[in-house]
Amino acid sequence: MHFIHPLVLKIGIPVLVAAIIALHVIKRKTKYHGGIKAANTSFVKGLDTYRNRKNLYTFVSIVMEVCLVASLVSSLVLIARPSKKETVNNGTKKRDIFLCMDVSYSIYELNADLVDSLQEVVAGLDGDRFGVCIYNTSTVLYVPMTDDYDFVIQKLEDIKEYFALQKEYMEKYYNASTGYMEYNTSEYEEFKEYQDKLDYYDAGTLVSNYTKGSSLIGEGLASCMYSFPRLDDEDRTRIIIMSTDNAQEELTKPLVELDEAADLCKKNDIKVYGIFPNRDSWSGMNSTDYVSCENELKANVEKTGGEFYKQSSTLSVDEIVADIEAEEALEVEEVTITKVVDKPAIPIVILIISISIMLIMGLVIRV
């Protein structure tokens, strides 16, 4: 037990002991100093009733005196603030994992499946930090790196609604033969409602898309990489899970191309795990070649030391997670924090019990 104000006890206890001794000495020396004397009290003192009342009074006096001393000592202890020092170690050998998602409308099915599976994965994490970046023309740090798994799961649940809206919107209004969104006049209000809901999510990911284009894969990956906290001065196992069809539709030269972003990841010891849609999910919106997109993504992912996966009925996210967990987690420097925690429970209980007994004894003596 540690006391924050020990001086209170060093002074208070001796003073209390001295006061108790002084009171007992004074009580013993107290003699009769006047008043009306009663004669023939020996008869009264011989009565059973008198002896019982005297014994009761003596017992109650002793109990009340003990309780008074206990309550005073407990009060002094509380004023001295009993506490306990606790040492907490922050930092363990764990991983930083970023989910980097291309949220262009061409891969909503892949993203929806991935998010659905990753919710269970996040719930099972223990100490690993997790974050989410979404991008199209521009990147949004949707979930900063955190170990608050409840928050991450809630945000993944929210973004699932985004992909569900994308799916409904595309299935209802997209005409693959013309490449345009089409609707009847009677459907305008519903179409506008979809657009308003989607604009809420799209706003941060389509900055300058009319001049830059869409699905800027290299910029998305590089932005995600630089979202890792303390990238330059902290050694941790860092992983990016990236979902994309790699169908870049740039209108001007991007700031970072995919191969350049992969080189940056390799330089910073970040492994990228790429997830690519199967041919059945390949959107008619894409003007690029399926095989060339696949091969380019595969080559750049494997350049970082990561793995390439293609969406299929047999591909399980558990399989991807197992590969990630096989990555050795680097030892990170532990931050030791010493906390002082108040421990008032025992003296408070003693104080309450002592006062309660004194109140009961006071009632007993008056009966």
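Being a predicted model, the structure only gives us computed values, none of them experimental. (Residues numbered from 1 in each chain as written. Predicted model: local features only at pLDDT ≥ 70, side-chain atom pairs only at ≥ 80, totals over all residues. Heavy atoms only, no water.)

Undergrad: Which residues make up the packing of aromatic side chains, and what values go with them?
TA: All told, the structure shown has 15 aromatic pairs when counted by the stated rule. Between Tyr-183 and Tyr-188, the aromatic rings sit 6.0 Å apart at their centres with planes inclined by 40°, giving tilted as the arrangement. Centre to centre, the rings of Tyr-183 and Phe-191 are 4.3 Å apart; their planes meet at 20°, and the pair counts as stacked. Taken together, the ring pairs in this structure connect Tyr-105, Tyr-169, Tyr-173, Tyr-183, Tyr-188, Phe-191 and Tyr-194 into an aromatic cluster. (Phe/Tyr/Trp six-rings, centres within 6.5 Å; stacked < 30°, edge-to-face > 60°.)

Undergrad: Could you give an account of helix α6 (residues 188–202), naming the residues involved and the relevant values?
TA: The first and last C-alpha atoms of α6 sit 20 Å apart over 15 residues, in line with the 21 Å expected at 1.5 Å per residue. At its buried positions, α6 is contacted by α5 (149–173) and β7 (180–181). (Helix = DSSP H or I, 4+ residues; strand = E, 2+ residues; numbered from the N terminus. Expected span 1.5 Å × (residues − 1). Contact = heavy atoms within 4.5 Å.)

Undergrad: Could you give me a rundown of a negative patch on the surface, with the residues and numbers involved?
TA: On the surface, a cluster of negative charge is made up of Glu-109, Asp-113, Glu-168 and Glu-171. Looking at where Glu-168 falls in the secondary structure, it is placed in helix α5. For Glu-168, a relative accessible area of 36% translates into the label partly exposed. (Patch = residues over 30% accessible without salt bridge, like charges linked within 9 Å, V, L, I, M, F, W, Y side chains within 5 Å. Areas by Shrake-Rupley, 256 points an atom, 1.4 Å probe, with all protein chains shown as cover. Salt bridge = Lys/Arg side-chain N within 4 Å of Asp/Glu carboxyl O. Lys, Arg positive; Asp, Glu negative; His and termini not counted. Charge placed at Lys NZ, Arg CZ, Asp CG, Glu CD. Buried < 20%, exposed > 50% of the residue type's maximum accessible area, 1.4 Å probe, protein only.)

Undergrad: So what's going on with the sheet that holds strand β3 (residues 95–102)? Which residues, and what values?
TA: As summarised here, the arrangement of the six strands in space is β5-β4-β3-β9-β11-β12, forming an open sheet in which the pairing is mixed. Across the chains shown, the open sheet's two edge strands, defined by having one partner strand only, are β5 (139–146) and β12 (308–310). Adjacent strand axes in the sheet meet at a mean angle of 15°, parallel and antiparallel pairs treated alike. One ladder, built from six bridges, connects strand β9 (residues 237–243) with strand β11 (residues 270–276); its direction is parallel. From the neighbouring strand, Ile-239 faces β11, where its bridge partner is Lys-271. Contacts between α5 and the sheet are confined to β3, β4 (129–135) and β5, with β5 contributing the most and set at about 155° to the helix. (Pairing = 2+ DSSP bridges. Axes fitted to C-alpha atoms, helices over the stretch in contact; angles between N-to-C directions.)

Undergrad: Kindly report on the packing of α5 against α6, identifying the contributing residues and their values.
TA: Contact geometry of α5 with α6 gives a least axis separation of 10 Å together with a crossing angle of 145°. Viewed along their axes, α5 and α6 form a crossing whose handedness is left-handed. Across the interface between the two elements, Asp-158, Glu-161, Tyr-162, Leu-165, Gln-166, Glu-168, Tyr-169, Lys-172 and Tyr-173 of α5 pack against Glu-190, Phe-191, Tyr-194, Gln-195, Lys-197, Leu-198, Tyr-201 and Asp-202 of α6. Tallied by class, residues from the contact of α5 with α6 come to eight nonpolar, two polar and seven charged. (Left-handed = near helix turned anticlockwise from the far one by under 90°. Nonpolar A, V, L, I, M, F, W, Y, C, P; charged D, E, K, R; others polar.)

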